[in-house]
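# Inside the fold
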Amino acid sequence: MVFSTAARLLGDDAQAEDISQNVFLKAYERFDELRDNPTTPGWLKTVATNMSLNHLTRYRKRWSFFGDLRRSEEKDSDEAPSEPEFAAPDTLLHEIEAEEQHELVEAVLRRLPDHQRVPLVLFHFGDVPYADIAAQLKVSLAKIKADIHRGRLALLKSLTEAGNDCA
C-alpha cells in the first residue's frame, strides 16, 4: 500500500521505493506507538502521501507550468469544466485480464503530467475531497477540478487506444 501510493503519485518506481523506505523508517522510529494501533495502515498511507507530495514539490518544478496550462476559453472563467458527457464503454477493457488491466492503468497514470496525475490519484485512489486536495496542493479549487477533468479525459483516451490495440 505504501509503495503503490508513492508510485501512483510520483510516477516513478525508483523514487517510490525511496519514499517507501523513508516511510518505514519513520514507522520504525514510532514502533511503540504504532505496534498495536488499529489506525497504523491509515497513518502509513498518510505519511506516504505527504512524503511523495513533498518530494514532488522539492525536486520537480511542477507548479511552474500551472499558469501556462489554461486553455484560452478558460481564461475568462474560473469555473471548472463539467464532467465528461461520455462514459467509457463497459467493454473497453473486457478482453484484458485483471492483472493486465491494473498494469495498463498504472502505466497510463504514469504518463500523465504531475499536475493531472497527483490530484487524480488523491481523489480516486485516496478518496480525498476536491477542497482538501486544493488546500494540500495550494492551488484553487477550480484548478483542481480542471486538472482532474483533464486527467480523466487523457486517461480515457489512452485506455481507449490501448483497448483498441488489444482487440
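Now for a description of the structure that goes with this document. Worth saying up front: this structure is predicted, and the values here are computed from it rather than measured.

## Details of the side chain of serine 20
Note on placement: serine 20 falls in helix α2 (residues 13-29). In this structure serine 20 comes out as buried when scored by relative accessible area, which is 8%. Looking at serine 20, its side chain comes within polar contact range of the main-chain oxygen of alanine 16, at 2.8 Å. In contact with serine 20, not counting residues within four places along its chain, are Val2 and Phe3.

## As for the nonpolar core
If you look at the biggest cluster of nonpolar residues, it comprises 36 residues, and the most contacted ones within it are Val23, Val118, Leu122, Ile133, Leu137 and Ile144. Elements with a contribution of two residues or more to this core: α1 (2-10), α2, α4 (40-59), α5 (98-111), α6 (114-124), α7 (130-137) and α8 (141-166). When residues of this core are assigned to their parent elements, the largest contribution, seven residues, is made by α4. Excluding its chain neighbours within four sequence positions, the residues that come into contact with valine 23 are Val2, Leu44, Val47, Ala48 and Met51.

## Here we look at the packing of α1 against α2
The interhelical angle for the contact between α1 and α2, taken along N-to-C directions, is 135 degrees, at an axis separation of 8 Å. Considered as vectors, α1 and α2 are oriented oblique to each other. α2 is crossed by α1, and the crossing has right-handed handedness. Here α1 contributes Val2, Phe3, Ala6, Ala7 and Leu10 to the contact with α2, which in turn contributes Asp13, Gln15, Ala16, Glu17, Ile19, Ser20, Val23 and Phe24.

Rules used throughout
- Residues numbered from 1 in each chain as written.
- Predicted model: local features only at pLDDT ≥ 70, side-chain atom pairs only at ≥ 80, totals over all residues.
- Heavy atoms only, no water.
- Helix = DSSP H or I, 4+ residues; strand = E, 2+ residues; numbered from the N terminus.
- Buried < 20%, exposed > 50% of the residue type's maximum accessible area, 1.4 Å probe, protein only.
- Polar contact = N/O pair within 3.5 Å; in protein donor to acceptor, adjacent residues only side chain to side chain.
- Contact = heavy atoms within 4.5 Å.
- Core = buried A, V, L, I, M, F, W, Y, C linked by side-chain atoms within 4.5 Å.
- Axes fitted to C-alpha atoms, helices over the stretch in contact; angles between N-to-C directions.
- Parallel < 35°, antiparallel > 145°, perpendicular 65-115°, else oblique.
- Left-handed = near helix turned anticlockwise from the far one by under 90°.

The quantities given are spatial measurements derived from coordinates; they are silent on function.
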